[in-house]
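Working through the structure, step by step
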Amino acid sequence: MPNIIVVGAQWGDEGKGKIIDILSKYADVVARYQGGHNAGHTVVVNEEEFILHLIPSGILHREKICIIGNGVVIDPEALIEEIEGLENRGVAIKDNLFISKNSHLIMPYHRILDRESERSKGVKSIGTTGRGIGPAYVDKMARIGIRMLDLLEPQIFREKLEANLSHINNLLHTIYKTDRLDIEEIISKYMGYVERIGIYITDVSMLINKFMKDGKSILFEGAQGTLLDVDHGTYPYVTSSNATAGGACTGLGIGPTKIDGVLGVSKAYTTRVGGGPFPTELKDETGESLRTKGREYGATTGRPRRCGWLDTVLVRYSVRINGFNGIALTKLDILDEYPEIKICIGYKYKGKIYDEMPHEHSVLWGCEPVYEKIEGWQESTIGIKAYKDLPAKAQAYIKRVEYLVGVSIDIISTSQKRDDTIIKRNPFKDY
Ligand code: IMO
Ligand code: MG
């Protein structure tokens, strides 16, 4: 039974939520492997919109098993809020959710440190979601993180927290001039969380390997995107985890031999939220119209997203980093009305053309995109479900993108709705 990873090919917000929701039908298990509640995966079911932050998007299919891996950082309060929000809307969550013992907890000081560190960076701030993601991963790497399983051993939780607070309270007080945190208050809060989420905590690596042995299919749900990956993204304007395909193995405790395919998700144009270089960003009316038509406002923070034409330099880079078998192209319909559509095929900097992703700050910030112009189709593609029904010029656009990025476009999304999708190759059947 195939195991497929779905990864964002750009700077996040590519429409992974919808693609994962559709593909969940073919999987038994949906597993998140990195990130935290910085993610915002939007799924529309029968006109009803759900935004998932931590819980895998498979949860909207009742019979699917959902797993949160060790690579994820979890704010228990946000998790409980999400569980309750879903339950209030009739989505039952009980024996179908599992959370790794080894996942790291986001603590109250992580949120404070996230915001203070952003404040101190001023104009150079990353524009984080302010949810404590970065500082939680810092503690994980510094080997002072507190993990889910520590919640189950109150004495150990207390000892770890005591050690961390002795340092952090000094930092908060002397450097950031904020109030010290009270250990008893945190302990009582976090022990309260255990009562609510304790039942979900388990050895996820063991569980998922057993599922695979039993022949179950796994869908690995990537959060963020390749260009936000801490190793391969536009560092330092990235998130603090490995959003790329490799993260699925380390983030869940499975071997690379168990993976059967990788699907990249890319919008038909490009967006980014937060700071950092963005070569094809349009600060003009076209950028504004992409934002309006595409409703490009963050699902997590509500911030307006920066918009621009499709950048095939960076999607081709994502193909290389993740080894995509194919791509799901989302929001094609947003390009319907444009008489002319541009595709970025390279960057120009100081007379030199870059057709492979550069990493140098000077080039990324200072380059001019090199565009190819394509005639727009100027017809509605909304709701088209068969490739042959797409306007010829839209097909030409897709073919050109396939050629430029070097893999096939296997899925095309023509609106937010589940059914408005063209599936040319199904990763669970054809990879
Ligand atoms: P999904 O899964 C888009 C961005 C933030 C910021 C940077 C670091 O919905 O695609 P962080 O809070 O993670 O430390 O912020 O990463 N960012 C996202 N951008 N989509 C996301 O998730 C993102 N998660 C984080 O805006 O620039
Ligand atoms: Mg999002």
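Before reading further, recall that the structure is shown in the block above.
Notes on the structure in this doc start here. As the structure is a prediction and not an experimental result, all values here were calculated from the model.

Time to look at the pairing of strand β11 (residues 261-267). With 7 of 7 residues buried, β11 is to be regarded as a mostly interior element. Burial along β11 is two-sided: the residues Gly261, Leu263, Val265 and Lys267 and Val262, Gly264 and Ser266 are all buried. As paired elements, strand β1 (residues 3-8) and β11 share 5 bridges and run parallel to each other. When the sheet's bridge partners are listed, Ile5 is paired in β11 with Val262. Note that β11 and strand β15 (residues 326-330) share 5 bridges and pair parallel.

Our focus in this paragraph is the nonpolar core. In terms of nonpolar packing, the biggest core is built from 56 residues, with Ile67, Phe220, Leu335 and Tyr397 touching the most fellow members. Broken down by element, the residue count for this core peaks at 6 residues, all from helix α12 (residues 392-405). Leu60, Val72, Ile74 and Ile187 belong to the second largest nonpolar core, which has 42 residues in total.

The subject of this paragraph is the pairing of strand β10 (residues 218-221). Burial along β10 is two-sided: Ile218 and Phe220 and Leu219 and Glu221, pointing in opposite directions, are all buried. Bridge count between β1 and β10: 4 bridges; the pairing is parallel. Looking at β10, one finds that Ile4 is bridged to Leu219. Summarising the sheet, strand β2 (residues 29-32) and β10 pair through 4 bridges and their orientation is parallel. Bridging from a neighbouring strand, Val30 pairs with Leu219 of β10.

To continue, consider the coordination of the magnesium ion (ligand 2). Coordination sphere of the magnesium ion (ligand 2), protein contribution only: Asp13 (OD) and Gly40 (O), at 2.1 to 2.5 Å. Highlighted residues: Asp13 in the loop between β1 and α1 (16-24) and Gly40 in the loop between β2 and β3 (41-45), separated in sequence by 27 residues. Look at Asp13 and you get partly exposed, because its relative accessible area is 21%. Its relative accessible area of 13% is what places Gly40 among the buried residues.

Close contacts around ligand 1 come from 20 residues, with Asp13, Lys16, His41, Thr129 and Thr239 the closest. Measuring from an oxygen atom of ligand 1, one finds a side-chain N or O atom of Asn38 at 2.8 Å. Side-chain polar atom of Thr129 to an oxygen atom of ligand 1: 2.6 Å apart, as the coordinates give it. Alone, ligand 1 offers 550 Å² of accessible surface; in the complex the protein occludes 98% of this. Across the shell around ligand 1, the residue classes break down as 7 nonpolar, 10 polar and 3 charged.

For the structure shown, the criterion picks out 25 salt bridges. Between Glu47 and Lys417 there is a salt bridge, with the nearest N and O atoms lying 3.8 Å from each other. Here Glu47 is found in the loop between β3 and β4 (48-52), whereas its partner Lys417 is found in the loop between β19 (408-413) and β20 (421-423), with 370 residues between them in sequence. You can call Lys417 partly exposed: its relative accessible area is 42%. Notably, a salt bridge pairs Lys293 with Glu337, separated by 2.9 Å at the nearest N-O pair. Linking Lys293 in helix α9 (residues 285-293) with Glu337 in the loop between β15 and β16 (340-349), this pair joins segments that are 44 residues apart in sequence. On the basis of relative accessibility, which here comes to 56%, the residue Glu337 falls in the exposed class. Three or more residues joined by partner-sharing salt bridges are found here, namely Asp13, Lys267, Glu296, Arg305 and Lys331.

Quick notes on the rules
Residues numbered from 1 in each chain as written. Chains lettered and ligands numbered in written order. Predicted model: local features only at pLDDT ≥ 70, side-chain atom pairs only at ≥ 80, totals over all residues. Heavy atoms only, no water. Buried < 20%, exposed > 50% of the residue type's maximum accessible area, 1.4 Å probe, protein only. Helix = DSSP H or I, 4+ residues; strand = E, 2+ residues; numbered from the N terminus. Pairing = 2+ DSSP bridges. Core = buried A, V, L, I, M, F, W, Y, C linked by side-chain atoms within 4.5 Å. Donors = N, O, S within 2.8 Å, 3.2 Å for Na, K, Ca; no water. Near = heavy atom within 4 Å. Polar contact = N/O pair within 3.5 Å; in protein donor to acceptor, adjacent residues only side chain to side chain. Areas by Shrake-Rupley, 256 points an atom, 1.4 Å probe, with all protein chains shown as cover. Nonpolar A, V, L, I, M, F, W, Y, C, P; charged D, E, K, R; others polar. Salt bridge = Lys/Arg side-chain N within 4 Å of Asp/Glu carboxyl O.

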